[in-house]
Amino acid sequence: MDFGIWVEPEMVNPNSELYRSHPDWVYHFPTRPRREHRNQLILNLGREDVQNYLLNILDKLLSENDISFIKWDMNRSISEAGWQDSPHDEARELWVRHTTGLYKVWGTLKQKHPKVLWQSCSGGGGRTDFGIMAIADQVWTSDNTDAPARVQIQEGFSQIYPAIAMEAWVTDASHGLVPLSFRFHVSMAGNLGIGSHLLKWNQEEKNLAKEQIQLYKSIRHIIHLGDQYRIGFASDEGITGVQYVSKDKEESVLFLFRVWISRTIYPSVVLLKGLDPDSFYTVEGETGIRSGLGWANVGITVDIKNLQSSVRKIKKIQRSE
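This text gives an overview of the structure that appears in the document. (Residues numbered from 1 in each chain as written. Predicted model: local features only at pLDDT ≥ 70, side-chain atom pairs only at ≥ 80, totals over all residues. Heavy atoms only, no water.)

1. What to know about the packing of helix α7 (residues 180–188) against helix α8 (residues 203–225)
1) Next: For the pair α7 and α8, the least separation of the axes is 10 Å and the interaxial angle reads 20 degrees. By the angle between their directions, the pair α7 and α8 is classed as roughly parallel. Between α7 and α8 lies a crossing of right-handed hand. Where α7 approaches α8, its residues L180, S181, F184, H185 and M188 are matched on the opposing element by E205, L208, A209, Q212, I213, L215, Y216, I219 and I223.
2) Next: Tallied by class, residues from the contact of α7 with α8 come to ten nonpolar, three polar and one charged. (Axes fitted to C-alpha atoms, helices over the stretch in contact; angles between N-to-C directions. Helix = DSSP H or I, 4+ residues; strand = E, 2+ residues; numbered from the N terminus. Parallel < 35°, antiparallel > 145°, perpendicular 65-115°, else oblique. Left-handed = near helix turned anticlockwise from the far one by under 90°. Contact = heavy atoms within 4.5 Å. Nonpolar A, V, L, I, M, F, W, Y, C, P; charged D, E, K, R; others polar.)

Following this line, the structure appears as structure tokens:
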């Protein structure tokens with residue numbers, strides 16, 4: 001197991017040596033009170049001295065300790081967007097200069113410590129954009145880790161960003177209400193993590209988790225590096241899901257979910273996507289062999305109930321097999 005830390009470098013506590021030494025380093029207006037949130041004020045990353053301070057202290061932290069993972073968080077908004085001693089134009093450019101300062105600090109640290117895995121977090125997924133994605137390896141998708149809600153959240157996230165960057169954790173949200181297998185399958189459609197109180201899991205849950213982790217490791221390369229195809233829409237009443245296909249179209253994995261449908265529905269036909277139309281494939285749980293074109297037109301019949309899910313491996317084979 002590797003060691004990781006959770007930091008919030010842009011924040012400062014007023015009851016600290018840093019603030020007492022440099023009260024001018026925070027955003028503020030001289031005629032207004034400095035409002036705290038979470039007992040914090042915000043450091044002005046537009047300032048070069050602030051950038052250098054953070055670079056030095058974080059570089060020292062990473063150089064002197066065996067740290068493999070950094071969760072870089074930012075949990076409050078700028079309420080007093082003032083920069084008292086700056087040139088007029090720089091004060092007006094505060095928002096841009098904070099962002100470029102952040103990129104400079106974070107980017108420099110990433111270059112100096114290339115083996116560290118970096119996560120971007122800001123009140124959930126509030127700092128997810130192409131700029132930060134050039135620096136961060138992963139992003140915390142949302143503080144809502146409830147698996148049924150995540151089906152729709154992750155569908156929206158994946159409209160723009162890849163699954164390899166989409167942190168998706170199995171947590172204690174809806175524990176006892178939503179099956180653990182469903183919670184795992186939803187998280188396995190992204191970058192799987194576990195954030196549950198494992199000491200409260202019974203042996204059956206631990207065994208199931210072990211099985212799902214082994215399954216995830218066997219398909220992770222397809223999810224992270226393959227092409228994504230949507231199965232239905234999470235906002236519709238019906239079975240929804242996502243299919244990942246490897247770049248060489250040798251392998252695929254299909255995730256299917258039924259969150260909650262109040263009416264009775266009959267088994268659904270799911271048409272597979274992205275397979276080579278002229279090659280032949282087997283689908284886990286299905287008998288027979290079909291071409292990619294065949295699976296795209298005939299599909300598979302799926303009968304899953306509310307809060308049930310399914311994961312199917314799809315494999316390309318030689319016709320003679």
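Next, the rest of the story.
2. Remarks on the environment of V242
1) Next: Summarising the element assignment, V242 is placed in strand β10 (residues 240–245).
2) Next: Along the sequence, V242 and A189 sit 53 residues apart, while their C-alpha atoms lie 7.7 Å from each other.
3) Next: Aside from chain neighbours lying at most four places away, what touches V242 is A189, Q228, Y229, I231, V253, L254 and F255.

3. Description of the nonpolar core
1) Next: Core analysis: the largest hydrophobic core is formed by 33 residues, its most contacted members being V12, L43, I70, W72, W106, L109 and W118.
2) Next: Every element with two or more residues in this core is listed here: β1 (4–7), α1 (17–21), α2 (48–64), β4 (69–72), α4 (94–112) and α5 (130–133).
3) Next: Tallying contributions element by element places α2 first for this core, with five residues.
4) Next: Leave out the neighbours within four places in its chain, and W106 touches W72, W118, Q119, S120, I132, I135 and A136. (Core = buried A, V, L, I, M, F, W, Y, C linked by side-chain atoms within 4.5 Å. Buried < 20%, exposed > 50% of the residue type's maximum accessible area, 1.4 Å probe, protein only.)

4. Overview of the packing of aromatic side chains
1) Next: Counting across every chain of the model gives eleven aromatic pairs.
2) Next: Aromatic pair W140 and W169: ring centres 4.9 Å apart, planes at 85 degrees, arrangement edge-to-face. With a gap of 29 residues between them, W140 in strand β6 (residues 138–140) and W169 in strand β7 (residues 166–171) connect regions that are remote in the sequence.
3) Next: Here W140 falls in the buried class, since its relative accessible area comes to 10%.
4) Next: Here a set of aromatic residues connected by ring pairs shows up, and it is made of F182, Y244, F255 and F257.
5) Next: The ring of F29 has R32 lying over it, and the distance from NZ or CZ to the ring centre is 4.3 Å.
6) Next: In this structure, K71 is placed above the aromatic ring of W140, and the distance from its NZ or CZ to the ring centre is 4.5 Å. (Phe/Tyr/Trp six-rings, centres within 6.5 Å; stacked < 30°, edge-to-face > 60°. Lys NZ or Arg CZ within 6 Å of the ring centre and 35° of its normal.)

5. Things to note about the sheet that holds β1
1) Next: Strands sit in the order β1-β4-β5-β6-β7-β8 across an open sheet of six strands; the sheet is parallel. The sheet is open, and its two edges are formed by β1 and β8 (191–195), each paired on a single side. Strand-to-strand twist of the sheet, defined as the mean angle between neighbouring strand axes without regard to direction, takes the value 30 degrees.
2) Next: Both β1 and β4 contribute to a ladder of four bridges, which runs parallel. (Pairing = 2+ DSSP bridges.)

6. Section: α7
1) Next: Among the nine residues of α7, eight are classified as buried, and the element is accordingly described as predominantly covered.
2) Next: Every buried residue of α7 is accounted for by L180, F182, R183, F184, H185, V186, S187 and M188.
3) Next: In the core, the buried residues of α7 are packed alongside α6 (147–157), β7, β8, α8, β11 (251–258) and β16 (308–317).

7. Observations regarding unusual backbone geometry
1) Next: Backbone geometry places S174, a non-glycine residue, at a positive phi of 65 degrees.
2) Next: With respect to the helices and strands, S174 occurs in the loop between β7 and α7.
3) Next: Residue S174 is classed as partly exposed on the basis of its relative accessible area, which comes to 22%.
4) Next: For L307, which is not glycine, the phi dihedral falls at a positive 60 degrees.
5) Next: Considering the arrangement of structural elements, one finds L307 in the loop between β15 (300–302) and β16.

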